[in-house]
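These are the residues of each chain, in order.
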Amino acid sequence: MFLKRVEMQGFKSFADKVVINFEHAITGVVGPNGCGKSNITDAIRWVLGEQSVKSLRGTTMTDVIFAGSADRKMVNMAEVTLVFDNTNRSLNSELDEIEVTRRLYRNGQEAEYLINRNNVRLKDVIDLILDSGLGKDSLSMISQGNISSFAEAKPIDRRGIFEEAAGVSKYKKRKMESLSKLERTKENIERTQDILMELERQVSPLKRAAKKAELYREKKTRLEEIEIAVLVEDINTINQQIEDAKKTLFNIDAQSTMFQTTIQVHETQNLEAKKEISDLEKEINKLQEELMKIVNEIQILETRKIEFDEKRKYAIEVGTNEEKAKQLQSLVQEAELEYNDRKGRYDQCQINIQLLSEQLSQVALQLAELSQKTNEENGLLRRYQNRKELLESLLKDPFNSQAGVKAIDDNKNSLHGVLGVIAQIIQPQVGYEEAISVALGGTMYNIVTTDEEAARNAINFLKKNQSGRATFLPLTVLQTRYLS
Ligand code: ATP
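All values reported here derive from a predicted model rather than from experimental measurement. (Residues numbered from 1 in each chain as written. Predicted model: local features only at pLDDT ≥ 70, side-chain atom pairs only at ≥ 80, totals over all residues. Heavy atoms only, no water.)

Caption draft 1: Looking closely at the sheet that holds strand β9 (residues 472-474). Here we have three strands laid out as an open sheet, ordered β7-β8-β9, and mixed in their pairing. The two strands at the open ends of the sheet, each matched to only one other strand, are β7 (418-421) and β9. Each neighbouring strand pair of the sheet contributes to a mean axis angle of 25°, computed without reference to strand direction. As paired elements, strand β8 (residues 447-449) and β9 share three bridges and run parallel to each other. What sits directly across from Val448, in β9, is Leu473. The sheet contacts of helix α7 (residues 403-410) involve β7, β8 and β9, and relative to β7 the element is tilted by about 135°. Running at roughly 155° to β9, helix α10 (residues 452-465) makes contact with β8 and β9 of the sheet. (Pairing = 2+ DSSP bridges. Helix = DSSP H or I, 4+ residues; strand = E, 2+ residues; numbered from the N terminus. Axes fitted to C-alpha atoms, helices over the stretch in contact; angles between N-to-C directions. Contact = heavy atoms within 4.5 Å.)

In structure tokens form, the structure reads like this:
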């Protein structure tokens, strides 16, 4: 590798651009002390990545920038470029000429490195020159102080210097690095093998766990499907129950309307019967008044009979016998006529009174029957209305009054083995709803479960949530009974 050229501008004593071409095997730079010869090697080391300010003979890195002189102003940037001939490809690049540049600004901006005018990192510069044997610490550059240290060095240290110069130490160093890398790799392999063994040990339990997890996933999916199917079934059943209840309500409404109509008819009939009774009573009063009149007339007749008897006595005592007989005969005829007339009317009155009394008692009986029927129908209507209200409230909010039953009913899908409440399970034949509900009584709110375990689980649920109480009927402990 051959350093063809060094270009410096603003570096230490080189304020203006200075180009030094190295065209022959040996190039000498001659000049008085302090003229700036060593600044050239400083420049070369600087480009090759020198970071030590001390070895560059300064106190800060910006000391390498031209600081000004008696007749020149200072500059703000130092730039040095090394141009290498790479025709023998000693640098790892396909180009015949390689330019390496370092630039530094006074304002503290980061230093710039460039290879062939492209911005690169310091590491790229070091990587480029590493294999060439060139470097800021290599023996390619030997400064004034180095000579005496070589001469005074111990043989063993001197061997190091020769090895360094011959490029052996570079390989030695690489060998050491490779060996330690190998060692680290071996350790890594051992560690990896340990980890592999440990992982292999974990494989079969993991396989078992994976199988279990797979099984769990399948069962869970199946459970979800079943739960959805149960929910759909429940929704259908509830919808059916709502439909049935609506039908029952409709029937009750129809029956209520029918009863109300019948009651109205009966009430009209009642009114008519009452009017009939009052008419009859008026009639009876009239007849009684007539009877009283007849009785009076009878009294008058009695008086007249007495008068008549007096007259007869007088006729018998006073007139001739013929006159007396005639007189008596006409009196008797008169009396007979009058008596018969009065007697006939009296008898007719008695018969009328008898008839009207019978009619009156019949109407009173009818009235009593009608009143009883009206009362019964009112009672029935009330019962239907109560049942309707109950059904409506059950439809709106089932088991509202039974907190425990309600809590179980609301959560029956998450509680296994809960089959439902008796009131929901039993579907009475239309017309027997009330009878069945009375016969069931409080049992209506009992909850049917598949077995005792399910009942216990539900009771624990109620206890845990303080949701109230409920009675459970596990199917496994129920016995079948038949009614004769
Ligand atoms: P010797 O043979 O005595 O070692 P030399 O020829 O090698 O001397 P150098 O030591 O390279 O000379 O140069 C030192 C000179 O560079 C000094 O004159 C110094 O003033 C000048 N110099 C160093 N840094 C700067 C700077 N930043 N700006 C201006 N001049 C500088």
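Don't stop here, the text continues.
Caption draft 2: Looking closely at the environment of Lys181. With respect to the helices and strands, Lys181 occurs in helix α5 (residues 168-318). Judged by relative accessible area, which is 52%, Lys181 ranks as exposed. The spatial distance from the C-alpha of Lys181 to the C-alpha of Leu223 is 57 Å, given a sequence separation of 42 residues. (Buried < 20%, exposed > 50% of the residue type's maximum accessible area, 1.4 Å probe, protein only.)

Caption draft 3: Layout of the packing of α7 against α10. Between α7 and α10, the shortest axis-to-axis distance is 11 Å and the interhelical angle comes to 115°. Comparing their axes, α10 and α7 come out roughly perpendicular. Crossing geometry of α7 relative to α10 is assigned as right-handed. Side by side, α7 and α10 meet where Gly404, Ala407 and Ile408 of the first sit next to Ala458, Phe461 and Leu462 of the second. For the contact of α7 with α10, a count of residues per class yields five nonpolar, one polar and no charged. (Parallel < 35°, antiparallel > 145°, perpendicular 65-115°, else oblique. Left-handed = near helix turned anticlockwise from the far one by under 90°. Nonpolar A, V, L, I, M, F, W, Y, C, P; charged D, E, K, R; others polar.)

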